[in-house]
Amino acid sequence: MMQTTSNFPSETGSSRAGFFDILRTSFGRLCASPWLVLGLWFLSLSTTFFALLPARVVLRDVLSLRPLAERIARGRYDVGFVEIIADNTSAWRAAMTVAIVVGVAFLVLHAMLSGAVLSRLRSKDAPRHAPTGTFLVRAAETAVPMVKLDLMFALLVRVPLVLLASIAAGFALGWKAVTGLPWDSVVARLLTVAVCVGFAWSVASVWLNLARLQKLDDERLSTWKSICAGFYALAQRPAWLFGMALAICSLTVHAAMWWFGRGITARLDAKMLVLAAFLVRQGISLLRTAFSLWMMAATCALHERNQAAQPQ
Amino acid sequence: MVADRGYLKEMKNKTTPSHGVWCVAALGLLCSAHISRAEEPSFLKENVGLRVPGPLSQRVASYRMQVRLDEKTHEVSGKSTLFWRNNERKEATELFFNLYQNAFKNRATTFVREAGTQLRGDEMPEHGYGATDVSSLKIGGVEMVGKAVVVDSLLSLKLDTPIPAGATVEIEFVFATKLPKVFARSGYAGDFHAVGQWFPKIAVFECDKDAVKCGFRAHQYHGHTEFFSEHGNYDVTVDVPARFVVGATGVQVGEQSDGTRKTITFRADDVRDFAWFADPRFVETKATVSDSIGEVTVRLLNQPGLASQTSRHIESVRAAILEGEQRYFPYPYKQVTVIMPPHDAGGAGGMEYPQLITSWLTPFPKGMHWLEATDAHEFGHQWIPLMIGSDEVEDAWLDEGLTQTFTAWAVDRMYPSGCTTLEWGGFCIGDRDLDFLATRGVVRRMPLASMSRKLDGRTYSSMTYGYTSLMMRSLENHLGDEKMHKAMRTFAQKYRFQKPRPTDFMNAISEGAGEDLTWFWQQAVYSTRVADYEVAEIQNQKHELAYGLWDCPPKPAVLPGHTTEAEREPWLRDIQEANQAACVGKPAGRHELAQPEKTAKKTDAELAKEYKNWDSVVFLRRRGEFLYPVDVTVKFGDGSQEKHTWTYAEQVAHPEERLKILYFYRRAPVKQAEIDPEFKLALDEKRLNNGLLTKPNLRPVNRLALTFQGFFQTLLDLLTL
């Protein structure tokens, strides 16, 4: 098992060396917790599977005895989707409602587990580290404060970010009807906005994790103060540099995974290689989960670095 | 021959004048003598802007206009001289003119009340009303404006002196049209001016077959209908600010400028309307398209910054020109102008005028073919109704529906893959798929033959466009490509520059196809029958007739006299086959053929070998009322298949019998049955039920379910980052 104790360079060391050191250290912690990766990935898989079970039942009822289903599934008769939905509206509404409810429950569950995840990914020497076997206990202990933190953060940061994104898109298009612009121009402008918003979202994720860590370290901190403390931690140099670098990494890797995954699975779907497409999707999901956890572990390392750098 | 349903305005027969009005009659005689001697101007005898020898039409209504555009008040004013010939066999005792812009005068007009202050999603702007005012109307030099009655968008004038049959009159207007803010085809938006339906336009005067009922087909401008007028020549001079670029019907034949303003003269021969567009921002591009008789100039007036779409417009028009030549006849004019309205004048887009079309602004990539489909559709209108002059008001489906059909042909030429509307992001959707979606489940359905203005907006749109296109596709699939080509060309050749009604169209198609299509038209045009065929059920039964006691050798079976021939054959065949099978290798006498021991579960193939035969029944059901000959394909477990047809004759013989039952007695069970597997009946409202499997195939279900699951999982993963 890789050494998980971190050794940070001194304040006078190069930021780049510090950044790579953080990545290396956090990768080691990730590798030390393979069950964490597998567990979260499996949670995602099983939740979505059950969320879409009603939809699968509808599809089975409607399509399993129809020869046209093969053409629809191969992408040769896309209009069939409209016929399926239009002729089974109530069933689809029920299925989608279940999916949305389960999805929201998943997000809440994820928030509840975030405290335990971060505790697990911290240095073994850290006071709030969660050793193997105490994960669920830690999750139960930290569930409520983590959910409160996530909700407030969503209201204060995520939702305004979405609104700002809309405004930014409007400015990018010059507030004129999009029909007045050629496609290339629309794509270029909106892509720029999307990249900026994606970057801001990723930075916000680093901030959220720092806020969570502040709360984990000091339970007496209120939710609001935790968020402020997280922001303050991120704003310290070179923390904000590291934070932005993590955000860029996160954005780039996730976008690349989405892009390549989509390309490969589209080809497999068209050839009706159902199992292969499923395995590729789950492989990418596993990688995505692992990478997200790596970023969380790196944020933990960043937090510890900040604390180490503070005067006693 | 299908019964006609024309809607002519009845003319009251004039009674013989009494003695006391002879002096008035004498005066009238002088006037009528003056009217009948109005000479045709020289521009009516010329052929400008044509690629084929003219005249192409009878040039019943020709206009010479000199007008001025005031870009600040958005008013077009000037003088129009109409040379109108009474082309019918009876005199005309009154005249009707369309003043279409009056439809936007206020919110009480027929148009606004029916369309509901919007058209195609564009809202009527506040303070953007429009109107046409006629300040002078002279016939043969005699001022008649005081007698003119204007109601909404129609101007009527009772004549003291009728216009005799065959006579030509010169009618002069001084008029001013205040353009509305554009939302319904014409108007202005900033400096952009879409000047369409802008001058007093005479309605169509015609008599029935026996010249008993004669009158003008004159309608208000309705919410869901368009226009109808006579063919003629146009000589139009427009006075605009010098910085404006102008695109118009026809070809430019002159231009003069004093630096501040300029006058441009356009000529258009054998057309039934004249429209022009002016905008200082237009960016002009010219291209040529070659067809079998020469070259057509395509003049594109685009908006700035949209040069990337130029080639798409040109290619669409090219495909439409070539398709139209094949389906109808070569485009006979030298030029076509394509106008791109700005984004705040979208209501002017997607419209057709003679030798001019307006396109849509679309920011979409090449894989989304709405731009191409729009251009092909609007150009398709050059034939119907602009040259094959159907009545857009009363017979909208002949106009929009046939052009929607043409659009499908033109985009099929451009995109042989079949993804004619959308081929992007992994999706493939054809334009007929969109017609299918637009039409299926239209609750407020009316027969296609209903007068268009009676229809509400959604029904009008679904029926005249989508339904007609699917109807024509169903017909094409029934006739085959070659016959359909011949049928359309027959119609086009017969009615070019005429005014066909639906019966003319239907009869011409039947004539060109060489078969009586009454059965089809009666259902598709005159009824609201819905089409829906399905495979209702499949039954497979192991054939166990062979077990039991049999007498060998087999004796011929004697059947009761009351059984019919149809009932005898399969039953006799079964009995005799079973008897023969049971007697194989057996001496004379009675023998028992016993069932084999029941063993563990076997596959269909093993069972088929063991039991030797299967009795299978396929139930086909006609859920809708529409009768159409449909193919049936039945596939069996051993890979073989059989094709059958449920003919029209079978269905119409007993229309109350909605089931057709197919019996099979084969070595393998039926695996799958499909009715109309190629969707030849494009009108069929449900396609999923056209096929049935005997065993569930979960592969497509798994594929779709897992794709949705993967997408949802990605979404949740990204939200938890």
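From a predicted model like this one, the values you see are computed outputs, not experimental measurements.

Trainee: Explanation requested: the overall build of chain A in the structure shown.
Mentor: Tallying secondary structure elements over chain A gives eleven helices and zero strands in all. When the elements of chain A are put in sequence order from the N terminus, they spell out α-α-α-α-α-α-α-α-α-α-α. Judged by the C-alpha coordinates and their principal axes, chain A covers about 70 × 50 × 35 Å. Here chain A holds 312 residues, and the buried ones make up 49% of them. Considering only intrachain contacts with a sequence separation of at least 6, the fraction spanning at least 24 residues in chain A is 74%. Seen as two clouds, the 30 positive and the 16 negative side-chain charges of chain A have centres 3 Å apart.

Trainee: Would you explain the overall build of chain B in this entry?
Mentor: Along the backbone of chain B there are 14 helices and 36 strands. By the burial criterion, 57% of the 721 residues in chain B qualify as buried. In chain B, 74% of the contacts between residues at least 6 apart in sequence involve partners at least 24 apart.

Trainee: Honestly, the confidence of the model for chain B in this entry has me stumped. Any pointers?
Mentor: Atom-level detail of predicted coordinates should not be read off regions where pLDDT is low. Residue and element names in this part refer to chain B. With 89% of its residues at a pLDDT of 70 or more, chain B has an overall mean of 87. Overall, residues 1-37 carries pLDDT values under 50, and its contacts beyond four positions in sequence, including any with other chains, amount to 44 contacts. In the model output, the complex is listed with pTM 0.84 alongside ipTM 0.88.

Trainee: What am I meant to see in the sheet that holds strand β25 (residues 356-358) of chain B here?
Mentor: Note: strands within a sheet are paired through backbone hydrogen bonds, in either parallel or antiparallel orientation. Residues and elements named next belong to chain B. Ordered in space as β21-β22-β23-β25-β24, the five strands form an open sheet in which the pairing is mixed. Strands with a single pairing partner mark the edges of an open sheet, and in this sheet they are β21 (283-291) and β24 (351-353). Neighbouring strand axes in the sheet, compared pairwise and without regard to direction, differ in orientation by 20° on average. Direction of pairing for β24 relative to β25: antiparallel, over a ladder of three bridges. Residue pairing for β25: Y353 is matched across the bridge by L356.

Trainee: Just to check I follow, could you spell out the packing of aromatic side chains for this structure?
Mentor: The relation between two aromatic rings is expressed through the spacing of the ring centres and the mutual angle of the planes. Residue and element names in this part refer to chain B. Scanning all chains against the criterion turns up 54 aromatic pairs over all chains. When the centroid spacing of 4.9 Å and the interplanar angle of 80° are considered together, the rings of F97 and F173 count as edge-to-face. With F97 in strand β3 (residues 92-98) and F173 in strand β10 (residues 168-178), this residue pair connects regions lying 76 residues apart in the sequence. A relative accessible area of 0% places F97 in the buried class. Residues F379 and W383 carry aromatic rings whose centres are separated by 5.6 Å and whose planes lie at 70° to one another, so their mutual orientation is edge-to-face. Residues F379 and W383 agree in their burial class; the two are buried. The ring of W409 carries R327 above its face, with NZ or CZ at 3.7 Å from the centroid.

Trainee: Quick question: what am I supposed to make of the confidence of the model for chain A here?
Mentor: All names here are of chain A. Residues at a pLDDT of 70 or more form 93% of chain A, whose mean pLDDT is 86. Per-element confidence in chain A ranges from a low mean pLDDT of 83 for helix α1 (residues 15-31) to a high of 94 for helix α3 (residues 53-63). In the model, residues 1-13 has pLDDT below 50 throughout and makes 24 contacts with residues more than four positions away in sequence or in other chains.

Trainee: Which parts of the structure should I look at to understand the packing of helix α2 (residues 34-51) of chain A against helix α6 (residues 89-121) of chain A?
Mentor: Two quantities define a packed helix pair, namely the angle between the helix axes and the distance between the axes. Residues and elements named next belong to chain A. Interaxial distance between α2 and α6 falls to 9 Å at its minimum, and their mutual angle equals 170°. In this view, α2 runs roughly antiparallel relative to α6, as classed from their interaxial angle. Residues W35, L36, L40, L43, S44, T47 and A51 of α2 form the contact with α6, whose own contacting residues are A95, V98, A99, V102, F106, L109, L113, V117, R120 and L121. Split by residue class, the contact of α2 with α6 holds 14 nonpolar, two polar and one charged.

Trainee: Quick question: what am I supposed to make of the pairing of strand β12 (residues 192-195) of chain B here?
Mentor: Remember that side chains alternate between the two faces of the sheet whenever the strand is regular. All names here are of chain B. Of the two faces of β12, the one lined by F192 and A194 and the one lined by H193 and V195 are each fully buried. Here strand β11 (residues 187-189) runs beside β12; their pairing, made up of three bridges, is antiparallel. The partner of Y188 across the bridge, within β12, is H193. Linking β11 back to β12 in an antiparallel pair, the connection comprises two residues, with G190 at a positive phi of about 65°.

Trainee: How should the nonpolar core be read in this particular structure?
Mentor: Here is a general trend for soluble globular proteins: nonpolar side chains tend to be buried in one another's company. Ranked by size, the top nonpolar core spans 216 residues in total, and within it W84, W198, W276, M471 and F505 of chain B carry the most contacts. Looking at which element gives the most residues to this core, the answer is helix α11 (residues 274-309) of chain A, with eleven residues.

Cut-offs used in this document
- Residues numbered from 1 in each chain as written.
- Chains lettered and ligands numbered in written order.
- Predicted model: local features only at pLDDT ≥ 70, side-chain atom pairs only at ≥ 80, totals over all residues.
- Heavy atoms only, no water.
- Helix = DSSP H or I, 4+ residues; strand = E, 2+ residues; numbered from the N terminus.
- Buried < 20%, exposed > 50% of the residue type's maximum accessible area, 1.4 Å probe, protein only.
- Contact = heavy atoms within 4.5 Å.
- Lys, Arg positive; Asp, Glu negative; His and termini not counted.
- Charge placed at Lys NZ, Arg CZ, Asp CG, Glu CD.
- pLDDT = per-residue confidence, 0-100.
- Pairing = 2+ DSSP bridges.
- Axes fitted to C-alpha atoms, helices over the stretch in contact; angles between N-to-C directions.
- Phe/Tyr/Trp six-rings, centres within 6.5 Å; stacked < 30°, edge-to-face > 60°.
- Lys NZ or Arg CZ within 6 Å of the ring centre and 35° of its normal.
- Parallel < 35°, antiparallel > 145°, perpendicular 65-115°, else oblique.
- Nonpolar A, V, L, I, M, F, W, Y, C, P; charged D, E, K, R; others polar.
- Core = buried A, V, L, I, M, F, W, Y, C linked by side-chain atoms within 4.5 Å.

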